[in-house]
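A closer look at the structure
Residue strings, one per chain:
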Amino acid sequence: MLFEGLELVSALATLAACLVSVTLLLAVSQQLWQLRWAATRDKSCKLPIPKGSMGFPLIGETGHWLLQVFSKIFSHEALQSYLPKIQLVIQDTLRAWSSHPEAINVYQETQKLTFRMAIRVLLGFSIPEEDLGHLFEVYQQFVENVFSLPVDLPFSGYRRGIQARQILQKGLEKAIREKLQCTQGKDYSDALDILIESSKEHGKEMTMQELKDGTLELIFAAYATTASASTSLIMQLLKHPAVLEKLREELRAQGILHSGGCPCEGTLRLDTLSGLHYLDCVIKEVMRLFTPISGGYRTVLQTFELDGFQIPKGWSVMYSIRDTHDTAPVFKDVNVFDPDRFGQARSEDKDGRFHYLPFGGGVRTCLGKHLAKLFLKVLAVELASTSRFELATRTFPRITLVPVLHPVDGLSVKFFGLDSNQNKILPETEAMLSATV
Ligand code: HEM
């Protein structure tokens, strides 16, 4: 009897300990997100932090009108006007990768690429190349310290983060001022133009501080996620030469495959890209198996029931994108990389709205998802049509999930321009490609 009583006490104690740990874990992780804003935001920014979400303070519940502005920034017309610039930035980058005598670190290089895309295309800044390199280094220092504890001591991560933010904001302010003065000679409206113009239309002219915060947050949202997905895309094309060949066939059939020296700079169109169904499947499958972000936070606005459990109003909950993809009953052989699962014949994602959510879901779904997909598609087209690439290590690297999914060694790859053996995978490359994780 005494023994049973002791067992019960011990079980209750374990349960209590578990509850305390989970509550502490939730509280700590939520605090971390708050701290992130403490580090990324300037104290003079008055907009409140959205409660319980990953929260980009300039949008969502804090300013409904800004949501409309963002929908313009990522509208079909806007994407069409960014497309030639995105293609040029990617082509330039691939040329640089191919002329590099050594293998490159793909994750590092795709981070530079997405940063460049955000600065040159999305924000339309004409910062000289040298200054852009310096800004990128400062930006990396900022991102590395975004999650640091707010202990403002010399040499602390927090201090380094604040210093990096100050330098970045100075650089952004200079670029914004130059841009505001020189509006002539532009052939398209970038996201920053739309942000400035649309906020005026809504009678809310943005202050310089809000513009700096807005641009920094756009870069932050676009940068690591898109670099992670781009790296996964390159790794999967390397691992699955048959997928790359099928993609090339589709491009060949549509007359898109470039030949010798690539005369078709900046000529892709949105409607051409949306006609490439296999390409769409490849991108979807990369985003299913290698979703860059694990999940997100929400505050429960109304008590609800889930699988017999009551979740009370006011609780913080976390949803997991990765677990959802891993357990969704609609996907067959979940661990297999198989773009055809999204093809017309199978359409495994057609049932259920919330089985496939690489960009989140609900009202706070990713606002840049169409831009991100567009970027990945152009990268895939350019890789397939202008580059030959080989894994430079004996085996494929392990993947880590923090802070976003990426290969532990960054993925070492040697790029070549296409030779006279256009778009064919060379036999020795094939042997290399069959290297496994
Ligand atoms: C492959 C690339 C990307 C992935 C996987 C991704 C994923 C996500 C996810 C999962 C969320 C929702 C987080 C939550 O549930 O709270 C989100 C939010 C957001 N994303 Fe993305 N994203 C990507 C690229 C981009 C790009 C390129 C931009 C813009 C330039 C962008 C802008 C945003 C913004 C503004 C939000 C906040 C929406 C809100 O809080 O209402 N994202 N993203």
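Worth saying up front: this structure is predicted, and the values here are computed from it rather than measured.

1. Structural notes on the coordination of the iron atom of the ligand
Its sole protein donor being Cys-366 (SG), the iron atom of the ligand sits 2.3 Å from that atom. With respect to the helices and strands, the residue Cys-366 is situated in the loop between α12 (321-327) and α13 (369-386).

2. Digging into the confidence of the model for the chain
On average, residues of the chain score 82 in pLDDT, and 77% of them reach the 70 mark or higher. Across residues 36-62, where pLDDT falls below 50, the model places 77 contacts with residues more than four positions away in sequence or in other chains. For residues 420-437, every residue scores under 50 in pLDDT, and the model assigns this stretch 41 contacts once sequence neighbours within four places are set aside.

3. Quick notes on the side chain of Arg-388
Of note, Arg-388 is situated in strand β6 (residues 387-391). Of the residues examined, Arg-388 reaches a relative accessible area of 12% and is grouped as buried. Among the polar contacts made by the side chain of Arg-388, one reaches the side chain of Glu-390 at a distance of 3.3 Å.

4. Here's the deal with the sheet that holds β6
Reading across the sheet, the three strands line up as β1-β9-β6 and stay open at both edges, with antiparallel pairing between neighbours. Sheet topology places β1 (104-105) and β6 at the edges, where each strand pairs with a single neighbour. Here β1 runs beside strand β9 (residues 412-417); their pairing, made up of two bridges, is antiparallel. Its bridge partner lying in β9, Asn-105 is registered against Ser-412.

5. Some points on unusual backbone geometry
That bond from Val-402 to Pro-403 is cis: its omega, -10°, falls within 30 degrees of zero. Its place among the elements puts Pro-403 in the loop between β7 (399-400) and β8 (406-407). Unlike most non-glycine residues, Ser-347 shows phi in positive territory, near 35°. Counting through the fold element by element, Ser-347 comes out in the loop between α12 and α13.

6. Describing the UniProt feature "binding site: heme" (unreviewed entry) in the chain
When the UniProt feature table is mapped onto this chain, "binding site: heme" (unreviewed entry) is found at Cys-366. Judged by its relative accessible area of 30%, Cys-366 is partly exposed.

7. Comments concerning helix α9 (residues 241-253)
Helical geometry note: an α-helix holds 3.6 residues per turn, so side chains three or four residues apart project in the same direction. Given a rise of 1.5 Å per residue, 13 residues ought to cover 18 Å, and the 18 Å separating the end C-alpha atoms of α9 matches this to within 8%. Those residues of α9 lying buried are Pro-241, Val-243, Leu-244, Leu-247, Arg-248, Glu-250 and Leu-251. Among the residues trailing α9, Gly-255 stands out with phi positive, at a value near 70°.

8. A short note on the pairing of β9
As paired strands, β6 and β9 are joined by five bridges and run antiparallel to one another. Considered in β9, the bridge of Glu-390 is made with Lys-414.

9. Here's the deal with a nonpolar patch on the surface
A cluster of nonpolar side chains, contributed by Leu-149, Val-151 and Leu-153, occupies part of the molecular surface with about 290 Å² of accessible area. Of note, Leu-153 is situated in the loop between α5 (129-144) and α6 (157-181).

What counts and how
- Residues numbered from 1 in each chain as written.
- Predicted model: local features only at pLDDT ≥ 70, side-chain atom pairs only at ≥ 80, totals over all residues.
- Heavy atoms only, no water.
- Donors = N, O, S within 2.8 Å, 3.2 Å for Na, K, Ca; no water.
- Helix = DSSP H or I, 4+ residues; strand = E, 2+ residues; numbered from the N terminus.
- pLDDT = per-residue confidence, 0-100.
- Contact = heavy atoms within 4.5 Å.
- Buried < 20%, exposed > 50% of the residue type's maximum accessible area, 1.4 Å probe, protein only.
- Polar contact = N/O pair within 3.5 Å; in protein donor to acceptor, adjacent residues only side chain to side chain.
- Pairing = 2+ DSSP bridges.
- UniProt positions renumbered as here; feature names shortened; annotations may be inferred.
- Expected span 1.5 Å × (residues − 1).
- Patch = residues over 30% accessible without salt bridge, like charges linked within 9 Å, V, L, I, M, F, W, Y side chains within 5 Å.
- Areas by Shrake-Rupley, 256 points an atom, 1.4 Å probe, with all protein chains shown as cover.
- Salt bridge = Lys/Arg side-chain N within 4 Å of Asp/Glu carboxyl O.

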